[in-house]
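One letter stands for each residue in the lines below.
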Amino acid sequence: MEKLSNKDIEIQISAARAELCSINSNGKEYLWQTDSSFWNRHLPVLFPIVGKECDNAYICEGKVF
């Protein structure tokens, strides 16, 4: 696990999967922390798109990606 922090926030990232595992600020956790009674994994942050785009492309600021 890799940690990055400053005076306001600390994040933890899984080095093996580059998965954001923790966002903590002022003692408050902002990401799901594993609970084996529900699901014992973290939830990946999928950005900017989750799923498939129509025609396998999207347009942002006039550019097709």
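Residues numbered from 1 in each chain as written. Predicted model: local features only at pLDDT ≥ 70, side-chain atom pairs only at ≥ 80, totals over all residues. Heavy atoms only, no water.

## Describing the overall build of the chain
When helices and strands are counted, the chain shows zero helices and six strands. Counting from the amino terminus, helix and strand elements in the chain follow one another as β-β-β-β-β-β. When the 65 residues of the chain are sorted by exposure, 11% land in the buried category. A fraction of 4% describes how many contacts in the chain between residues 6 or more apart in sequence connect residues 24 or more apart. On the chain, roughly 5,700 Å² of surface is accessible, and the fraction owed to carbon and sulfur atoms is 54%. (Helix = DSSP H or I, 4+ residues; strand = E, 2+ residues; numbered from the N terminus. Buried < 20%, exposed > 50% of the residue type's maximum accessible area, 1.4 Å probe, protein only. Contact = heavy atoms within 4.5 Å. Areas by Shrake-Rupley, 256 points an atom, 1.4 Å probe, with all protein chains shown as cover.)

## Looking at the packing of aromatic side chains
This structure, assessed with the given rule, holds two aromatic pairs. Aromatic pair tryptophan 32 and phenylalanine 38: ring centres 6.4 Å apart, planes at 75°, arrangement edge-to-face. The class of tryptophan 32 is partly exposed, set by a relative accessible area of 33%. Measuring from centroid to centroid gives 5.4 Å for tyrosine 58 and phenylalanine 65, while their planes differ by 25°, and the two rings are stacked. Take tyrosine 58: its relative accessible area is 30%, and that puts it in the partly exposed class. (Phe/Tyr/Trp six-rings, centres within 6.5 Å; stacked < 30°, edge-to-face > 60°.)

## Considerations on unusual backbone geometry
For asparagine 26, which is not glycine, the phi torsion reads 50° and is therefore positive. Within the fold, asparagine 26 resides in the loop between strand 3 (19-25) and strand 4 (28-29). Of note in this structure, glutamate 61 is not a glycine but carries a positive phi near 50°. Positionally, glutamate 61 belongs in the loop between strand 5 (59-60) and strand 6 (63-64). Residue glutamate 61 is classed as exposed on the basis of its relative accessible area, which comes to 80%.

## A short note on the sheet that holds strand 1 (residues 2-5)
Strands sit in the order 1-2-3-4 across an open sheet of four strands; the sheet is antiparallel. A strand with exactly one partner marks an edge of an open sheet, and here the two such strands are strand 1 and strand 4. (Pairing = 2+ DSSP bridges.)

## Side note on the pairing of strand 1
In this structure, strand 1 lies alongside strand 2 (residues 10-14), joined through four bridges in antiparallel fashion. Bridge pairing in strand 2 places lysine 3 opposite glutamine 12. In this structure, the hairpin formed by strand 1 and strand 2 is closed by a connection of four residues.

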